[in-house]
Amino acid sequence: MEYLGQVLFLLLLVVGFGFFIKNIKKLIRNIKLGRDIDRTDNSSARWKNMIRVALGQSKMVKRPIPAILHIFVYAGFVIINIEMLEIIVDGLFGTHRAFSFLGAGYNALIGIFEVLAFLVIFGVVVFWIRRNVIKLKRFNQPEMEGWAKRDANNIIYIETTLMCFFLIMNAADYYLQGINHTHYTAVGSFPISSLISPIFEGVNPATVAFVERFCWWAHIAGVMVFMNYLYYSKHLHIFLAFPNTYYANLKPQGEFNNLESVKKEVSLMMDPNADPYAAPAEPVGEPEKFGAQDVMDLNWVQLLNAYSCTECGRCTSSCPQNTTGKKLSPRKIMMSTRDRLEDVSKILDANNGKFVDDGKTLLNDYITPEELWACNTCNACVEECPIDISPLSIIMDMRRFLVMEQSAAPVELNNMMQNVENNAAPWQYNQMDRLNWKDEN
């Protein structure tokens, strides 16, 4: 019985991290369903972009109030979890505040952790008010109903609960230190929990010790639950923001990529030495698809984007088409892509890694042509995204499929392309009449 607590703690770690690793493997598998794309160029610029955007949160500061609150939560939650190292050591070896030998440095760390914990609670409470009381428009769009809204609030509740467990644990510890109860020696600095500890005045020390141990266990168990909840949550960006910004497109935003399959055909057409009647050197398989119809037609960076989306809605709130009442929501494009990818993942899980056609595709079943054609390719969504996600790249690839595979472009676009073909210009005038406008009064 002496080592029962340590055995239970080890079991908790094994189950928690085991399930987490299983989900990470599934995440990597799903992202690799996308087409290959080379994003290994210019590594120094990529590292700088990741440090500036993901770590430094340079794009968050465009909206100062949520930026400051997010820094409270982001920095607080990450830094406070450094204490997890001590909790793991204490749990495995049966010690109590194993790092207290650091002396003044330890006191400073605990004090910083407490202040940050308070700022985290303050930040998430304000976030909850913005979402549920003030009801900011970007948090109450149609795509945010149901699970998306519950998930956002779940994160707030979990983070608040974890920080409360942390502070109550320290408050009980601080009180027990003050009365020299058993092994609770005077270590640490407690600027916040010392204000809470008076609630234990007159309470049986054994009860206070039970509260301290309960909060200690609840904190570590809560962290394990939260860590594994991330895969199913928009908060997966806590991890993926870093690779997402590293592999972001570094080219000018107005520069669109050319389809390799089209470039090959054009190169062949422009080669004066090519024999148009020559048979292929090797038997060819199924022709490459133009554009994207389903998630497997997108590239792996686009699928990484879908998993990285934090559903903050900055892209949608800056989209001129959404602002003017069009159906397009860049956030919904990313959410629908992730939903489809998760549905494909469930099919793979149920069929030993083999995809069985379920009669659905990303195009039409999850994202409609109306949404795609509403986009005016202004790149506002890409510019606004705090972690360099590009909904526009997915929109353009799906448009390509509609035009080049299904000839399903809007009438106006078909007329324009026909005019370019016949008149070498978008207008319905032949070249001889193109300057007639100058003679009009």
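Only a predicted model underlies this, so the values are computations on that prediction, with no experimental measurement involved.

Here is what the cut-offs are and how they apply
- Residues numbered from 1 in each chain as written.
- Predicted model: local features only at pLDDT ≥ 70, side-chain atom pairs only at ≥ 80, totals over all residues.
- Heavy atoms only, no water.
- Helix = DSSP H or I, 4+ residues; strand = E, 2+ residues; numbered from the N terminus.
- Buried < 20%, exposed > 50% of the residue type's maximum accessible area, 1.4 Å probe, protein only.
- Contact = heavy atoms within 4.5 Å.
- Axes fitted to C-alpha atoms, helices over the stretch in contact; angles between N-to-C directions.
- Parallel < 35°, antiparallel > 145°, perpendicular 65-115°, else oblique.
- Left-handed = near helix turned anticlockwise from the far one by under 90°.
- Nonpolar A, V, L, I, M, F, W, Y, C, P; charged D, E, K, R; others polar.
- Domains from an automatic or database assignment.
- Buried area = accessible area lost by both parts, 1.4 Å probe.
- Salt bridge = Lys/Arg side-chain N within 4 Å of Asp/Glu carboxyl O.
- Polar contact = N/O pair within 3.5 Å; in protein donor to acceptor, adjacent residues only side chain to side chain.

(A) A look at the environment of Met398. Along the chain, Met398 turns up in helix 18 (residues 391–404). You can call Met398 buried: its relative accessible area is 0%. Taking C-alpha positions, Met398 is 6.1 Å from Gln293, a pair spaced 105 residues apart along the chain. Those residues in contact with Met398 that lie beyond four places of it in its chain are Ala292, Leu362, Leu363, Ile367 and Leu372.

(B) Representation of the packing of helix 5 (residues 104–132) against helix 6 (residues 147–178). As a packed pair, helix 5 and helix 6 sit with axes 9 Å apart at the nearest point and diverge in direction by 150°. The angle between helix 5 and helix 6 places the two elements in the roughly antiparallel class. You can see that helix 5 and helix 6 cross each other, and the crossing is left-handed. Contacts between helix 5 and helix 6 involve Ile110, Phe113, Glu114, Ala117, Val120, Ile121, Val124, Phe127, Trp128, Arg131 and Asn132 from the former and Lys149, Ala152, Asn153, Ile156, Tyr157, Glu159, Thr160, Met163, Cys164, Phe166, Leu167 and Asn170 from the latter. Each residue belonging to the contact of helix 5 with helix 6 can be placed in one class, and the counts come to 15 nonpolar, 4 polar and 4 charged.

(C) The domain arrangement of the protein, seen in detail. Structurally, the protein comprises domain 1 (50–233) and domain 2 (260–269 + 289–433). Relative placement of domain 1 and domain 2: their C-alpha centres are 40 Å apart. For the domain 1 and domain 2 pair, buried surface summed over both sides reaches about 1600 Å², with 37% attributable to carbon and sulfur atoms. It is Lys59, Arg138 and Glu143 that lose the most area in domain 1 upon contact with domain 2, and together they represent 36% of the buried surface on that side. Put simply, Arg63 and Glu384 hold a salt bridge, and the shortest N to O gap is 3.8 Å. Seen at the junction of domain 1 and domain 2, the total is 14 residue pairs in polar contact (both at pLDDT 80 or more). Across the side of domain 1 that touches domain 2, the residue classes tally to 9 nonpolar, 2 polar and 5 charged.

(D) Representation of the pattern of salt bridges in the model. Scanning the entire structure with this criterion turns up 15 salt bridges. For Arg29, the salt bridge is made with Asp349, and the minimal N-O distance between the two is 2.9 Å. Of the two residues, Arg29 sits in helix 1 (residues 4–31) while Asp349 sits in helix 14 (residues 330–350), which places them 320 residues apart along the sequence. Exposure remark for Asp349: the relative accessible area of 38% places this residue in the partly exposed category. Of the charged contacts, one joins Glu371 and Lys332 as a salt bridge, the two residues approaching to 3.1 Å between their closest N and O atoms. Highlighted residues: Glu371 in helix 16 (residues 369–374) and Lys332 in helix 14, separated in sequence by 39 residues.

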